[in-house]
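# A structural walkthrough
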Amino acid sequence: MPASKPKPKVNFARPNTLAVELRRRINDKIRRENLLMRAYIALWAKGLLMIAWLVVSVGGLIFGPHTWWTIILLMISAALALVGVAFNIGHDFIHGAGFPKKLTDHSRTARVFNKLGKMSFDAIGASSFIWYVKHVVAHHTWTNITGHDSDIDQAPAIRLDPAQEYRPWYRSQHIYGWLMYGLIVPKWHFIGDFSNLRSGKIAETEIPKMTLADRLTFWGGKLFFFSWALGLPLWLHHDSPGKIAAVVAIYFGTAMMAGTVLALVFQLAHAIEGAKFVKPDDDGDGANAWGIHQLETTRDFYYSGRLLNKPINGLMSFYLGGLNFQAIHHILPMLPHPLYHKVWREFAQFCADHDVEYVRIPLGRAIVLHGRWLYMMGRPSGHVTELPIA
């Protein structure tokens, strides 16, 4: 079978002045109001909170007295805590947003803590090395670009990109797709990282050669994760087939709940009706200037509900590590996430001043629009005139 023709390099339109000017304006606000160091401190404190939450939840599952309802509650808690560690620690640190660069350049202690922040991803079962290539390089550079952004290539299970080949079972993906999202975390743990490492590339992005430190982190992280997630529970509860089955079921149930939350947060930002998808031509052309492209392909969302007559959008943003502000994150990925909610109005005003669309939608509406997108992509043409949900 002949080798497939490599996809051309994507050529973003020039100049990229919008992203440059937008970053300058936001950074000016941060310096003017002295926001940066406080944001780092908030990020570190949140990180400790998320780790403590995960340790208590997993400890309760492994060592605590068990009834069916305590197991379910602890599974939910552990799943949410695992996602909290990913969103609030690993995501920022792998992006280079966990420590001021001045500190990591001149302080060995800061470099050690910076490395530990990145390794939090390995500790929860996902390689920080592979995820850097997959997310920071491929996804953030080539957002929603066919063949280059692996996040939108979930074939043959789900079709998210209009340029992808249609398969008959996609007709039901608006029903089964939500359940498939739960498999993302178990796939990371058992298949994805190893498969990517073996293939040597993610979509069209080459995976660099691992150093000895990279290999130790990769394999040490996997060993550490499987030790606490499956090894220790099986060692303590192996005295009957029923208990062994319960340990395995608790792992998969917890991992699938975590996968559902992780997938939805990212899909609501990119795979919804209204977000742009780009298929470059044979010369690699077709994408707008990079900054405009990020705003065309990414959506922010918020929650307008209230608890005890208090708005709780801030609580959602706190838990999600600011990833309800993904348009801001894509333009300014090295900002610590506690800054997002402080700069979004300035961000939106800049876009309005320059006649560039910045889209921020209610959470419920974002979920509906993702459901509509799954339905639309389940049709051979990729679009329909009548949809089952408004």
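Residues numbered from 1 in each chain as written. Predicted model: local features only at pLDDT ≥ 70, side-chain atom pairs only at ≥ 80, totals over all residues. Heavy atoms only, no water.

## Some points on the side chain of Ser 127
- By the secondary structure assignment, Ser 127 is in the loop between helix H5 (108-123) and helix H6 (128-141).
- Among the polar contacts listed, one links the side chain of Ser 127 to the backbone nitrogen of Ile 130, at a separation of 3.1 Å.
- With near-sequence residues (within four places) excluded, Ser 127 lies in contact with Phe 121, Asp 122, Asp 193, Phe 218 and Lys 222. (Helix = DSSP H or I, 4+ residues; strand = E, 2+ residues; numbered from the N terminus. Polar contact = N/O pair within 3.5 Å; in protein donor to acceptor, adjacent residues only side chain to side chain. Contact = heavy atoms within 4.5 Å.)

## Observations regarding the packing of aromatic side chains
- Counted by the stated rule, this structure contains 22 aromatic pairs.
- Here Phe 87 and Phe 266 contribute two aromatic rings whose centre-to-centre distance is 6.0 Å and whose plane-to-plane angle is 70 degrees, an arrangement assigned as edge-to-face. Taken together, the residues Phe 87 in helix H3 (residues 68-94) and Phe 266 in helix H10 (residues 241-270) connect sequence positions 179 residues apart.
- A relative accessible area of 1% places Phe 87 in the buried class.
- Take Phe 266: its relative accessible area is 16%, and that puts it in the buried class.
- For the ring pair Trp 178 and Tyr 181, a centre distance of 6.5 Å and an interplane angle of 75 degrees mean the geometry is edge-to-face.
- Assessed through its relative accessible area of 2%, Tyr 181 is described here as buried. (Phe/Tyr/Trp six-rings, centres within 6.5 Å; stacked < 30°, edge-to-face > 60°. Buried < 20%, exposed > 50% of the residue type's maximum accessible area, 1.4 Å probe, protein only.)

## Topic: empty space enclosed by the protein
- Evaluated as defined, the whole model comprises one cavity of 30 Å³ or more.
- Broken down by secondary-structure element, the contributors of at least two residues to the lining of the largest cavity are H3 and helix H8 (184-199).
- Looking at the lining of the largest cavity element by element, the count peaks at three residues for H8.
- Residues that form the lining of the largest cavity fall into these classes: eight nonpolar, two polar and no charged. (1 Å grid on protein atoms, 1.4 Å probe; cavity = no way out; pocket = protein on both sides within 12 Å on 5 of 7 lines; lining within 4 Å. Points joined across faces, edges and corners; volume = space filled by probe spheres on them. Nonpolar A, V, L, I, M, F, W, Y, C, P; charged D, E, K, R; others polar.)

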